[in-house]
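Here is how the chains run, residue by residue.
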Amino acid sequence: MKGLIFAAWRNFTRNLKRYRVLLIALVLITAVLLVLMGVVLGLRDGLYQKASRYFSGNIVVLGYIGDGDSVIEEPEKVVEAVHALEERGFSLKTYSRRSSYYDRKNIELFFSGYYINQRRMVGVEWELEAPVLRGFDFFSGGIPAAEDESAILISTATAEKLNIDVGDELLVSIESDRGRTNTAELIVSGIFSESSFFGYQIYVHRKTLNRLREVPADEINEIGVYLEDPLRTEDSAARTLVGELEKSLPTFGVIKTRDEYSDQSRKDHGQRSYGVVSVGAQLAEIDDLLNAMTMIAGLVILMFLCIVVVGVGNTFSMIVWERTREIGTLRALGMQRERAVLTFLAEAGFLGLGSVLLGLLLGTAVLELVHQALRFPANLVTTLFLTRGRLEWLMPPWAVASISLLVIGACVLGSLRAALKAGQMSPVEALSHQK
């Protein structure tokens, strides 16, 4: 086997001039595949990061009894189950304990004669969620001090409507759980860049929101988990978390769709029961868009691989024809048919490997250049998918391995017909071949 590999490498390097056009084409195709996959995965990851902040985490524990409102009555047991995830091998950034208020008609902000409605108002613990809140692209200001109950974080979309800046005091008005209109004067601590629908959510301290809602100061509506690798582990982490909750609390399983989310909130469970919902379930419509993008990327990859197979096939057919006398000499000296076939396949493998290494370097350079050089203006689309106006590309090891195997495999497959033809040559006929 070592001799075969050495012979294939020697033949490959000796015939590099014959391969140069195909090698350049394969390098470019590999780079295109890398850029395409890096962009799609980066857009998906950027969206999931923003959605996780919006929805309290990548996976979120909810507690329903049938009135439509989630309340975590035994937060200590839920937090214990969250910590058990780490013991089961899941990597966590942090977790959240939130109070939430959703009413787009009754959340109003007032400042200097201007006002605007918000979709959601979220009560957070600043210190606990700091590792995630630092991911905001702050236009000005930043995260408040740990116990600051007078601070509020708003988006650039909200700040522009109110003509407000960091340090200014605005009036927040909501309808409490008892049906009364309550207000609070809060100081803008930070303004984060966001003009998509994620931008119509404000963040305050959990105790501040609970006072406005007229509920117990320590009430928690959701406990979320922020995962280090959500795209790969979200579903398995949700199932595992339900399994941990079942040890001490009544549960209703994993919520997989928005309809199921609504059904469980209204279902009479008889007692407070707990379940887990993932970001993917709450982003069903956008997830369909991302899946469509992934399918289009897959079709483009398939098209390029077909081009690789055809191009390699044509090139190797020409190379086998040009090297007919060489093949005849080797066959006359005792080279078996199988070894002749494997030698050409190994040459194709080296061609693919070289293309992959150079293509990965070129593709990575292009992705990083786009990331560093281009900053897109803030609008509905760019703020939804991009981070700080830049394309955050993502290329996990499995993606690199997939591209490598596909390109090398396509090269070997494309050369198969020519390699079989080389193996079937008669030494006498090959030696009498005239170019």
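Keep in mind that what you see is a predicted model, and the values were worked out from it rather than measured. (Residues numbered from 1 in each chain as written. Predicted model: local features only at pLDDT ≥ 70, side-chain atom pairs only at ≥ 80, totals over all residues. Heavy atoms only, no water.)

Draft legend 1. Here's a closer look at the overall build of the chain. When its secondary structure is counted, the chain shows 15 helices and 13 strands. Per-residue burial for the chain yields a buried fraction of 52% across its 435 residues. Pairs at least 24 residues apart make up 78% of the contacts formed inside the chain by residues separated by at least 6 positions. In the structure as shown, the chain presents an accessible area of about 20800 Å², 57% of it carried by carbon and sulfur atoms. (Helix = DSSP H or I, 4+ residues; strand = E, 2+ residues; numbered from the N terminus. Buried < 20%, exposed > 50% of the residue type's maximum accessible area, 1.4 Å probe, protein only. Contact = heavy atoms within 4.5 Å. Areas by Shrake-Rupley, 256 points an atom, 1.4 Å probe, with all protein chains shown as cover.)

Draft legend 2. Geometry of the side chain of Thr30. Turning to its location among the elements, Thr30 is positioned in helix α2 (residues 16-54). Setting aside residues up to four positions removed in sequence, Thr30 forms contacts with Ser355, Val356, Gly359, Leu360, Ile403 and Val407.

Draft legend 3. Geometry of helix α6 (residues 206-213). Of all eight residues making up α6, six are buried, and the element is well covered by its neighbours. Listing the buried residues of α6 in full gives Arg206, Thr208, Leu209, Asn210, Leu212 and Arg213. Summarising the contacts, the buried residues of α6 are in contact with β2 (92-102), β5 (120-124), β8 (169-175), β9 (181-192) and β10 (201-205). Count one or two residues on from α6 and you reach Glu214, which has phi positive near 60 degrees.

Draft legend 4. Highlighting the nonpolar core. Core analysis: the largest hydrophobic core is formed by 35 residues, its most contacted members being Leu26, Leu33, Met37, Val308, Val312, Phe316 and Leu351. Top contributing element to this core by residue count: α2, with ten residues. Leave out the neighbours within four places in its chain, and Val312 touches Leu22, Leu26, Cys411, Gly414 and Ser415. With 24 residues, the next largest nonpolar core counts Ala81, Leu128, Ala238 and Leu249 among its residues. (Core = buried A, V, L, I, M, F, W, Y, C linked by side-chain atoms within 4.5 Å.)

Draft legend 5. Structural context of the packing of helix α3 (residues 75-87) against helix α7 (residues 230-245). In contact at an axis separation of 9 Å, α3 and α7 are set at 135 degrees when each is read in the N-to-C sense. The angle between α3 and α7 falls in the class oblique. For the element pair α3 and α7, the recorded crossing hand is right-handed. Taking contact as the criterion, the partners of Val78, Ala81, Val82, Ala84 and Leu85 in α3 are, on α7, Ala237, Thr240, Leu241, Glu244 and Leu245. Per-class residue counts for the contact of α3 with α7 are eight nonpolar, one polar and one charged. (Axes fitted to C-alpha atoms, helices over the stretch in contact; angles between N-to-C directions. Parallel < 35°, antiparallel > 145°, perpendicular 65-115°, else oblique. Left-handed = near helix turned anticlockwise from the far one by under 90°. Nonpolar A, V, L, I, M, F, W, Y, C, P; charged D, E, K, R; others polar.)

Draft legend 6. Examining the pattern of salt bridges more closely. For the coordinates displayed, the defined rule picks out 14 salt bridges. Put simply, Arg88 and Glu244 hold a salt bridge, and the shortest N to O gap is 2.9 Å. Here Arg88, found in the loop between α3 and β2, pairs with Glu244, found in helix α7; they are 156 residues apart in sequence, far enough to count as distant. The class of Arg88 is exposed, set by a relative accessible area of 52%. Beyond isolated ion pairs, a larger network of salt bridges with shared partners links Arg88, Glu244 and Lys247. (Salt bridge = Lys/Arg side-chain N within 4 Å of Asp/Glu carboxyl O.)

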